[in-house]
Amino acid sequence: MRVAMIGTGYVGLVSGACLSEFGHEVICVDKDPSKIRALEAGQIPIFEPGLDEVVAANVKAGRLSFTTDLKKAVPGADAVFIAVGTPSRRGDGHADLTYVFDAAEEIAQSLDGYTVVVTKSTVPVGTGRKVEDIIRKNRPGADFDVASNPEFLREGSAIEDFRRPDRVVVGCETDRAKAVMREVYRPLYLNETPILFTSRESSELIKYAANAFLATKITFINEMANLCEKLGADVQDVARGIGLDGRIGNKFLHAGPGFGGSCFPKDTLALLRTSQEAGALTHIVDAVVKVNDARKVQMAEKVEQAFGGVKGKTIAILGLTFKPNTDDMRDAPSLVIVPHLQAKGARIRAYDPEGAKEAKKHLDIDYCADAYEALSGADGVVILTEWNEFRALDFARMKGLLKTPLMVDLRNIYRPAQMAEQGFAYVSVGRAGARPKS
Ligand SMILES: NC(=O)c1ccc[n+]([C@@H]2O[C@H](COP(=O)([O-])OP(=O)(O)OC[C@H]3O[C@@H](n4cnc5c(N)ncnc54)[C@H](O)[C@@H]3O)[C@@H](O)[C@H]2O)c1
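First things first, this report covers the structure right here in the doc. Remember, it's a predicted structure, so these values are computed and weren't measured experimentally.

### Points about the environment of aspartate 245
- Along the chain, aspartate 245 turns up in the loop between helix H11 (235–243) and helix H12 (264–278).
- When the C-alpha positions of aspartate 245 and valine 3 are compared, they lie 42 Å apart, and in sequence the two are 242 residues distant.

### Considerations on unusual backbone geometry
- One non-glycine residue, asparagine 325, lies in positive phi territory at about 65°.
- Of note, asparagine 325 is situated in the loop between strand S9 (314–318) and helix H14 (334–343).
- The class of asparagine 325 is partly exposed, set by a relative accessible area of 33%.
- Of note in this structure, asparagine 412 is not a glycine but carries a positive phi near 55°.
- Relative to the helices and strands, asparagine 412 resides in the loop between strand S13 (406–409) and helix H18 (416–421).

### Points about the pattern of salt bridges
- In this structure the tally under the stated criterion is 24 salt bridges.
- Measuring nitrogen to oxygen at the nearest pair gives 2.8 Å for the salt bridge that ties glutamate 229 to lysine 302. Of this pair, glutamate 229 sits in helix H10 (residues 200–231) while lysine 302 sits in helix H13 (residues 283–306), placing them 73 residues apart in sequence.
- Residue classification places glutamate 229 among the partly exposed residues on the basis of a relative accessible area of 36%.
- Among the charged side chains, a salt-bridge network with shared partners connects Glu21, Glu160, Arg163 and Arg164.

### What about the sheet that holds strand S10 (residues 347–351)?
- Pairing within the open sheet is parallel, and its 6 strands lie in the order S11-S10-S9-S12-S13-S14. Two strands close off the open sheet at either side, each with one partner strand: strand S11 (366–367) and strand S14 (425–428).
- As judged from the 4 bridges shared by S9 and strand S12 (residues 380–383), these two strands associate in the parallel manner. Bridge pairing in S12 places isoleucine 315 opposite glycine 380.

### Thoughts on the layout of surface pockets
- Of the pockets and cavities examined, the second largest pocket occupies roughly 210 Å³.
- Around the second largest pocket, the lining residues are Arg89, His94, Ala95, Asp96, Leu97, Thr98, Pro124, Val125, Thr127, Lys130, Thr274 and Glu277.
- The set of elements that each furnish at least two residues to the lining of the second largest pocket consists of helix H6 (127–138) and H12.
- Looking at the lining of the second largest pocket, its residues break down into 4 nonpolar, 4 polar and 4 charged.

### Looking at the packing of aromatic side chains
- Applying the stated criterion across every chain yields a total of 8 aromatic pairs.
- Summarising the aromatic geometry, the rings of tyrosine 351 and phenylalanine 390 are spaced 6.0 Å apart at their centres and angled 75° between planes, so their arrangement reads as edge-to-face. Note that tyrosine 351 is positioned in strand S10 and phenylalanine 390 in the loop between S12 and helix H17 (395–401), a separation of 39 residues in sequence.
- Ring geometry for phenylalanine 395 against phenylalanine 424: centres 5.9 Å apart, planes inclined by 65°, an arrangement best described as edge-to-face. Of the two residues, phenylalanine 395 is situated in helix H17 and phenylalanine 424 in the loop between H18 and S14; the sequence distance between them amounts to 29 residues.
- Linked through ring pairs, Phe22, Phe162 and Tyr185 together constitute an aromatic cluster.
- In this structure, arginine 176 is placed above the aromatic ring of tyrosine 114, and the distance from its NZ or CZ to the ring centre is 3.7 Å.
- The ring of phenylalanine 197 has lysine 178 lying over it, and the distance from NZ or CZ to the ring centre is 5.4 Å.

### Overview of a negative patch on the surface
- Negative charge collects at one region of the surface, where Glu354, Asp370, Glu373 and Glu389 lie side by side.
- Along the polypeptide, glutamate 389 turns up in the loop between S12 and H17.
- The class for glutamate 389 is partly exposed, based on a relative accessible area of 42%.

### A word on the nonpolar core
- Among the nonpolar cores identified, the biggest contains 40 residues, and Leu19, Phe81 and Tyr185 are the most heavily contacted of them.
- Ignoring any residue separated from it by four or fewer positions in sequence, one finds leucine 19 in contact with Val3, Met5, His24, Val26, Phe81, Phe162 and Val184.

### Considerations on the site of the ligand
- Of all residues adjacent to the ligand, which total 27 residues, the nearest are Asp30, Lys35, Thr86, Glu155 and Lys266.
- A distance of 2.5 Å is found between an oxygen atom of the ligand and a side-chain nitrogen or oxygen belonging to lysine 35.
- In the environment of the ligand, an oxygen atom lies 2.9 Å from a nitrogen or oxygen atom belonging to the backbone of threonine 122.
- Here the ligand loses 90% of its free accessible area of 830 Å² to cover by the protein chains.
- Elements that contribute at least two residues to the shell around the ligand include exactly helix H1 (10–21) and helix H5 (98–110).
- Looking at the shell around the ligand, the element that brings in the most residues is H5, giving 3 residues.
- Split into classes, the residues belonging to the shell around the ligand amount to 10 nonpolar, 7 polar and 10 charged.

### What about empty space enclosed by the protein?
- One pass over the full model with this rule turns up 1 cavity of 30 Å³ or more.
- Roughly 40 Å³ of volume is contained in the largest cavity.
- Partitioned by chemical class, the residues of the lining of the largest cavity number 2 nonpolar, 5 polar and 2 charged.

### Here's the deal with the packing of H10 against H13
- For the pair H10 and H13, interaxial distance at closest approach is 9 Å and the crossing angle is 45°. The pairing of H10 with H13 is recorded here as oblique in orientation. Like other packed secondary-structure pairs, H10 and H13 cross with a definite hand, here left-handed. The segment H10 lies against H13, with Ala212, Ala215, Thr216, Thr219, Asn222, Glu223, Ala225, Asn226 and Glu229 engaging Ile284, Val285, Val288, Val291, Arg295, Gln298 and Lys302.
- Here the residues of the contact of H10 with H13 are counted per class, giving 7 nonpolar, 5 polar and 4 charged.

Analysis parameters
Here the residue numbering is sequential within each chain, running from 1 through the sequence in written order. Residues qualify for local features only when their pLDDT is at least 70, as the model is predicted, and side-chain atom pairs are given and counted only at 80 or more; totals for whole chains, interfaces and linings, by contrast, use all residues. In computing side-chain values, all of the structure's heavy atoms are included and hydrogens and water are not. Secondary structure elements are taken from DSSP: a helix is a run of H or I of four residues or more, a strand is a run of E of two residues or more, and numbering for both begins at the N terminus. Exposure categories follow from relative accessible area, calculated using a 1.4 Å probe and restricted to protein chains: below 20% of the type maximum is buried, above 50% is exposed, and the middle band is partly exposed. The salt bridge definition used is simple: a Lys or Arg side-chain nitrogen within 4 Å of an Asp or Glu carboxyl oxygen. By the convention used here, strands pair only if DSSP detects at least 2 bridges between them. Both cavities and pockets are sets of points on a 1 Å grid over the protein atoms alone; in a cavity a 1.4 Å probe fits but cannot get out, in a pocket the set is open with protein on both sides within 12 Å along at least five of seven lines, and lining residues sit with an atom within 4 Å of a point. Grid points are joined across faces, edges and corners, and a volume is the space filled by probe spheres set on the points. In this classification, Asp, Glu, Lys and Arg are treated as charged, Ala, Val, Leu, Ile, Met, Phe, Trp, Tyr, Cys and Pro as nonpolar, and every other residue, Gly included, as polar. Only the six-membered ring of Trp is used, alongside the rings of Phe and Tyr, when aromatic pairs are assigned; centres must lie within 6.5 Å, and planes under 30 degrees apart are stacked while those over 60 apart are edge-to-face, with the rest tilted. Look at NZ for Lys and CZ for Arg. If either is within 6 Å of the ring centre and within 35 degrees of the ring normal, a charge sits over the ring. Exposure above 30% relative accessible area and the absence of a salt bridge qualify a residue for a patch, where like charges join within 9 Å and nonpolar side chains (Val, Leu, Ile, Met, Phe, Trp, Tyr) within 5 Å. Only the protein chains shown count as cover for residues, and all accessible areas are computed by the Shrake-Rupley method using a 1.4 Å probe. Counting rule applied: Lys, Arg positive; Asp, Glu negative; His and chain ends not counted. Each charge is placed at NZ for Lys, CZ for Arg, CG for Asp and CD for Glu. The set of buried Ala, Val, Leu, Ile, Met, Phe, Trp, Tyr and Cys residues whose side-chain atoms join them within 4.5 Å is what this entry labels a nonpolar core. In this analysis, two residues are considered to be in contact whenever any of their non-hydrogen atoms come within 4.5 Å of each other. One heavy atom within 4 Å of a molecule or strand makes the whole residue count as near it. We call two N or O atoms a polar contact when they sit within 3.5 Å, provided that within protein one can donate a hydrogen and the other can accept it, with sequence-adjacent residues counted only if both atoms are side-chain atoms. Structural elements are reduced to axes, namely lines fitted to C-alpha atoms, with helices fitted over the stretch in contact, and the angle between N-to-C directions of any two is expressed from 0 to 180 degrees. Roughly parallel means an angle under 35 degrees; roughly antiparallel, over 145; roughly perpendicular, 65 to 115; everything else is oblique. Crossings are sorted by hand: turned counterclockwise from the far helix by less than a right angle, the near helix makes the crossing left-handed, and turned clockwise it makes it right-handed.

So this is what it looks like as structure tokens:
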């Protein structure tokens, strides 16, 4: 099959590379010439574990190529995927569909023979119909269908998620489109991946409902963490105790500084706006958005309190990205917590294994080459992102570098008793803290 992927960001590049691994001939298109130049030179413009190998192998096999010219990719393609960004529209939180509609117009000009145009971007209900209208208006005689195929991959484990998804969701209206989409995902039938065919509207809503549900789980356990702190309970025991119930499940029950990233914040907001407009307000999502916004500020205040005020203090921050194994800084909790601490007079020394380049665009702080450099001369350390390399720090070395042995662990990667044993004052989320054993 021939596939065109419009938009070569986190989703487009991973999807394009993995579809070429399935055996399809894929051309990835992006407007950003620097991205395409890098890819053509064998460089990967984002950090995603394993992506470089998949890209290199399939480029070498002649199944994967890159271009800035959509007209070279669309004619002759059986399926054209739209994987462009749908950020929050400034001011009202609706999904900004400018990129999607611009791509649809451009695609319309180049359609040639029966083609399924597939929206992989996360888009509000009704967008598929609008994309179809745009294409029909621009090319009244074109032979095409528009399908919805939301993407559920997680940054940091995107390759595995694409190769072995829990399910594939496709919303389409005709048997012809269904047949093409079946063929696109045929290799997954061998793994017995459920492929769910629905209406376009249901498919579009499934993506928002899934993200809102997961964001709700995170927010729920964060509120339980606050309650644990007041009542002397341990949120990790509570999470395990409820998560072992098969009806609840143990994923997305880690208390922390609030959800961030390129999806949950904008998608919960967009679903809220959709629900308001539809006259069926989703009160739970409304609460999730508000609680999560407040959460980030609360966590900054928690740090302030742990340090006994931060004016004139130097704080070492470990981790800036919204989660480990990505360089994505979009809506990361650090973008609220760090400026808050700076505004209260703190100096920040930070280390992130992959996020520094992106973080530099947003945060004016001291960037360090490793965790220990960040700790050097600081009044205490805050763990903001649970990168694996922060899970086994050398405590003796840390104590030698810090002015005071204080750790605020906003991801609960250490145990209070262990930290007390190691001589640290330790503050975490939803659990009793620890004082150093003298
Ligand atoms: N990032 C994730 O983890 C994730 C997961 C699931 C779904 N999604 C959804 O997938 C979509 C894409 O997200 P992303 O994180 O990959 O975005 P991104 O910003 O990383 O990439 C989008 C790319 O599209 C390009 N682009 C925009 N208009 C174009 C056009 N007309 N022609 C060619 N290229 C164009 C941009 O230059 C950019 O490189 C969004 O709707 C997002 O909500 C993202």
